[in-house]
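Reading the structure
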Amino acid sequence: MCVANDSPLISPKSERIAVLSGGTHGHEIERHHSLEYGTTVASILRSMGHDVQEISVDIGFNLASLKAVRAEVIYNAIVGGIGDNGTLAATLEFYRFAYTGAGCLAGAISKDKYRCGLLMSSVGVTTPRTWLIEDDDHVSFVPSKVLFPIVIKPTSGAFRLGMTVVESEPDL
């Protein structure tokens, strides 16, 4: 994220910055965190002399409406959903906005925890052993080398949403 005075994206000059916060993902914990984060970022940017426009994004928000925003830089403070998965970044790139955060491809890849882990492992980054379970109702495959406890988490999502710690095989 670019808030430092020496950042090439957000300079010490008083430029117009739009801070997007909230989100359309429907998870209140992520939305609440994002709104607080956006308010904090906007306050810091104002204290640095920037002209800041705060924009709260919610489920009814139309990304196409961003083309009407008069800002030199969009600060992405949206946690989860479109803020992290590359959707917002792709929209901002389409409308040629300068913005903070990961690009659309990086967001899309990193948001799928399973495929991101495979990619990281393929270039030598050590990751935990991982299995993809696609059937939400029944787990029929348990590798014989699994050591419990294990953590089960959806391939996407932020914070601890949907995470479960399983202490033993019968608990699956």
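Residues numbered from 1 in each chain as written. Predicted model: local features only at pLDDT ≥ 70, side-chain atom pairs only at ≥ 80, totals over all residues. Heavy atoms only, no water.

Take the packing of helix 3 (residues 104-111) against helix 4 (residues 113-122) next. Look at helix 3 against helix 4: their axes get within 5 Å of each other, and the N-to-C directions meet at 105 degrees. As far as their axial angle goes, helix 4 and helix 3 are roughly perpendicular. Each of I109, S110 and K111 in helix 3 lies in contact with helix 4, whose residues at this interface are K113, C116 and L119. Residue classes in the contact of helix 3 with helix 4 are distributed as three nonpolar, one polar and two charged. (Axes fitted to C-alpha atoms, helices over the stretch in contact; angles between N-to-C directions. Helix = DSSP H or I, 4+ residues; strand = E, 2+ residues; numbered from the N terminus. Parallel < 35°, antiparallel > 145°, perpendicular 65-115°, else oblique. Contact = heavy atoms within 4.5 Å. Nonpolar A, V, L, I, M, F, W, Y, C, P; charged D, E, K, R; others polar.)

Turning to the sheet that holds strand 3 (residues 73-76), a few remarks are in order. Ordered by their spatial adjacency, four strands build an open sheet running 2-1-3-4, and the pairing between neighbours is parallel. Looking at the sheet topology across the chains shown, the edges are occupied by strand 2 (51-57) and strand 4 (98-99). With two bridges connecting them, strand 3 and strand 4 associate as parallel partners. Residue pairing in the sheet places I74 in a bridge with Y99 of strand 4. In the packing of helix 1 (residues 28-47) onto the sheet, the strands contacted are strand 1 (16-22), strand 2 and strand 3, and the crossing angle to strand 1 comes to about 160 degrees. (Pairing = 2+ DSSP bridges.)

L20, L66, V69, I74, L88 and L92 are the most contacted members of the largest nonpolar core, which totals 16 residues. At three residues, the largest contribution of residues to this core is made by helix 2 (residues 87-94). Leaving out residues up to four positions away in the same chain, L20 has contacts with I55, V57, L66, I74, Y75, N76, A77, I78 and L88. In terms of nonpolar packing, the next biggest core, distinct from the first, is built from nine residues, I17, A42, Y75 and A77 among them. (Core = buried A, V, L, I, M, F, W, Y, C linked by side-chain atoms within 4.5 Å. Buried < 20%, exposed > 50% of the residue type's maximum accessible area, 1.4 Å probe, protein only.)

A few words now on the packing of aromatic side chains. In total, this model carries two aromatic pairs according to the counting rule given. A centroid spacing of 6.2 Å and a plane angle of 70 degrees characterise the contact between Y37 and Y75, whose relative ring orientation is edge-to-face. With a gap of 38 residues between them, Y37 in helix 1 and Y75 in strand 3 connect regions that are remote in the sequence. Ring plane angle 80 degrees and centroid distance 5.0 Å describe the contact between F94 and Y95, whose orientation is recorded as edge-to-face. (Phe/Tyr/Trp six-rings, centres within 6.5 Å; stacked < 30°, edge-to-face > 60°.)

With that settled, the discussion passes to the pattern of salt bridges. Within the structure shown, the criterion is met by four salt bridges. For R16, the salt bridge is made with D51, and the minimal N-O distance between the two is 3.0 Å. Of this pair, R16 sits in strand 1 while D51 sits in strand 2, and the two are 35 residues apart along the sequence. Owing to a relative accessible area of 26%, R16 belongs among the partly exposed residues under this scheme. Between R115 and D112 there is a salt bridge, with its nearest N and O atoms 3.0 Å apart. Looking at R115, the relative accessible area reads 47%, which means it is partly exposed. (Salt bridge = Lys/Arg side-chain N within 4 Å of Asp/Glu carboxyl O.)

Locating S56 in the fold gives a position in strand 2. The class for S56 is partly exposed, based on a relative accessible area of 41%. A C-alpha to C-alpha distance of 8.4 Å links S56 and V19, two positions 37 residues apart in sequence. If sequence neighbours within four positions are ignored, S56 has contacts with S21, R31, L35 and F61. Within the structure, S56 has its side chain in polar contact with the side chain of R31 (distance 3.4 Å). (Polar contact = N/O pair within 3.5 Å; in protein donor to acceptor, adjacent residues only side chain to side chain.)

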